[in-house]
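Next come the chains, spelled out residue by residue.
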Amino acid sequence: MIQKVKPSDSLQGTLSPPPDKSISQRAAIFSLLHEGTSVIKNYSSAQDPQSSLECVESLGAEVIRGKDSISIKGTGRSGIKAPEDDLDCGNSGTAMRLLAGVIAGSGKQVRMCGDASLTSRTMTRIIEPLEKMGAYILARNSAYAPLMITREEKLKPMDFELPIPSAQLKSCILLAGLFGETPTRVIETIPSRDHTERLLQLKVEEEKKGKKIISASLNDEIPNQSYTVPGDFSAAAFWLVAGCIIPNSEIKLEATGLNPTRNALLGILQEMGANITIENERMEGAEPVGDVVVRSSDLRAINIPKSIIPNCIDELPILAVAMSFAEGISVISGAEELRHKETDRIMAISEMLKAAGVSFEEKEDGVEIHGNPEFSFDSATFKSFHDHRIAMASAVLSLKGKSESEILDAECAAVSYPGFWEDLLALYP
Ligand code: S3P
């Protein structure tokens, strides 16, 4: 689908960002592990969370899809079933990496597959530690899905220091650890999103300088996952930037997740001079939420330190758009992980900026952007590279053109944000 986006000199309105993708997927997977029924309100209808839901169903959970909530009767850890067909994770790295931990832990033999993007993303990061725990994983070219996972030996719990700050890797190992009699301990030195620890109420020991040791074993009871999924901060991020860079704008984003391991973009934009306020901050289950209000702002350039990259990893494409309109030179570095996302996002960000004529330099581990608050362009054709976040970042950039731009393969926004194009239209005055 080719999506046309008209420029705008104002954006106004109130909207609720779609349900959080990471939390929805965890809610489904943890409900499978809980022996009993969980009722999840505001479960995401986006493609990735729906893939996870279908996967847990294939692994034996009973899912009832209601109008306002879904209920999932889990199998518990001992009741997981091996599906007859491949377990299809679609486009979702979270589904594949988290469920690989569950499958390795369960000892069942399961073949996992995914779409063209997912089967081109390396799985080595989970294969090596899961094999140390006793799993046997047959992967295409030893690194890529389809993955055939099985285990004959007893699960070997382990102490695992995360070699990269990845919440998917952390969660994968903790989920496998939940099947071991003695605890598996994951040692994290750079914080990544902590939804797994929060929602499973795992034991977390905090040491000096942000070091955390998270433990999981068969002794940990899996709590019921009955809660309301908060709005997705990563989806709200597109409107936060749009509200800043478009004049005469005021956008309110209701019930948005504000987990501090996810919301680094908020502090970054505020440091750049953004006019963003939070109202009505509260807890929604284990997660903080609030209503976020953004108004048009004059932005200044910023350098992003490597240590906070994991806390804004999914927001970097839209941050690059904000940087294009910020006075001075902004730098994103230490973000080589972006090359391993749904597409090579450093390449995709560069192509997006190039299409609009932004002045920038691509680096191996990030990008340097020469921002200009007065920057505009006539119109552009943006390639999404079938990556939802690139499609949506390009749409926000299109608002700053002089005439209508177009985004190719724009339907991929539905991977995380099915209502994105309708919400965009609703914000035009
Ligand atoms: C996710 C973790 C991040 C993020 C992805 C979702 C999760 O990936 O980019 O969109 O739900 O755990 P990594 O853990 O690979 O950094």
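*Asks:* Quick question: what am I supposed to make of empty space enclosed by the protein here?
*Replies:* Empty space among the atoms can be located by rolling a probe the size of a water molecule over them. Using the criterion set out here, one finds one cavity of 30 Å³ or more in the structure. Here the largest cavity defines a volume of roughly 40 Å³. Around the largest cavity, the lining residues are Asp20, Ile23, His195, Pro230, Phe233, Gly257, Leu258, Asn259, Arg262, Glu287 and Pro288. A breakdown of the residues in the lining of the largest cavity according to their chemical character gives five nonpolar, three polar and three charged.

*Asks:* I tried to follow the pairing of strand E17 (residues 287-295) on my own but got confused; where do I start?
*Replies:* Every regular strand shows the same layout, with side chains that alternate between the two sheet faces. Most of E17 sits out of view: eight of its nine residues are buried. Of the strand pairs in this sheet, strand E15 (residues 250-257) and E17 are connected by six bridges, and their pairing is antiparallel. What sits directly across from Leu253, in E17, is Val292. As paired strands, strand E16 (residues 275-284) and E17 are joined by eight bridges and run antiparallel to one another. For Thr277, the partnering residue across the bridge sits in E17 and is Val293. As consecutive antiparallel partners, E16 and E17 are separated by two residues, and within that stretch Gly285 has a phi angle of approximately 65°, a positive value.

*Asks:* I tried to follow the side chain of Arg121 on my own but got confused; where do I start?
*Replies:* Looking at where Arg121 falls in the secondary structure, it is placed in the loop between strand E7 (110-113) and helix H4 (124-132). Nearest to the buried, unbridged Arg121 among oppositely charged side chains is Glu342, at 4.0 Å. Within the structure, the side chain of Arg121 is placed 3.1 Å from the backbone oxygen of His340, a separation counted as a polar contact. Those residues within four positions of Arg121 in sequence are excluded, and the remaining contacts are Asn91, Gly93, Arg97, Ala143, Tyr144, His340, Lys341 and Glu342.

*Asks:* Would you mind showing me how to read the layout of surface pockets here?
*Replies:* The volume enclosed by the largest pocket comes to roughly 540 Å³. Every residue lining the largest pocket is counted, 33 residues in all, and those nearest its centre are Pro165, Ser166, Ile313, Glu337 and Lys341. Of all elements in the fold, only helix H1 (21-33), helix H3 (93-106) and helix H5 (167-177) reach the threshold of two or more residues within the lining of the largest pocket. Its residues assigned to classes, the lining of the largest pocket shows seven nonpolar, nine polar and 17 charged.

*Asks:* Is there a simple way to explain the site of the ligand in this structure?
*Replies:* The ligand sits among Ser22, Arg26, Thr94, Arg97, Arg125, Ser166, Ala167, Gln168, Arg193, Ile313, Asp314 and Lys341. Here an oxygen atom of the ligand sits 2.7 Å away from a polar atom, N or O, in the side chain of Ser166. Gln168 has a polar backbone atom sitting 2.8 Å from an oxygen atom of the ligand. Burial of the ligand by the protein amounts to 96% of the accessible area it has alone, namely 390 Å². The cavity that encloses the ligand is the largest pocket.

*Asks:* Help me understand the packing of helix H7 (residues 233-245) against helix H8 (residues 264-271) in this model?
*Replies:* The relative placement of two packed helices comes down to the angle between their axes together with the axis-to-axis distance. Taken N-terminus to C-terminus, the directions of H7 and H8 make an angle of 15°; their axes are 10 Å apart at the nearest point. The orientation of H7 relative to H8 falls into the category roughly parallel. In terms of crossing hand, the pair formed by H7 and H8 is right-handed. Along the contact surface, H7 presents Phe233, Ala237, Leu240 and Val241, while H8 presents Leu265, Leu266 and Leu269. Grouping the amino acids of the contact of H7 with H8 by side-chain chemistry returns seven nonpolar, no polar and no charged.

Scoring rules and cut-offs
Residues numbered from 1 in each chain as written. Predicted model: local features only at pLDDT ≥ 70, side-chain atom pairs only at ≥ 80, totals over all residues. Heavy atoms only, no water. 1 Å grid on protein atoms, 1.4 Å probe; cavity = no way out; pocket = protein on both sides within 12 Å on 5 of 7 lines; lining within 4 Å. Points joined across faces, edges and corners; volume = space filled by probe spheres on them. Nonpolar A, V, L, I, M, F, W, Y, C, P; charged D, E, K, R; others polar. Buried < 20%, exposed > 50% of the residue type's maximum accessible area, 1.4 Å probe, protein only. Helix = DSSP H or I, 4+ residues; strand = E, 2+ residues; numbered from the N terminus. Pairing = 2+ DSSP bridges. Lys, Arg positive; Asp, Glu negative; His and termini not counted. Salt bridge = Lys/Arg side-chain N within 4 Å of Asp/Glu carboxyl O. Polar contact = N/O pair within 3.5 Å; in protein donor to acceptor, adjacent residues only side chain to side chain. Contact = heavy atoms within 4.5 Å. Near = heavy atom within 4 Å. Areas by Shrake-Rupley, 256 points an atom, 1.4 Å probe, with all protein chains shown as cover. Sits in = over half its atoms within 2 Å of the grid points. Axes fitted to C-alpha atoms, helices over the stretch in contact; angles between N-to-C directions. Parallel < 35°, antiparallel > 145°, perpendicular 65-115°, else oblique. Left-handed = near helix turned anticlockwise from the far one by under 90°.

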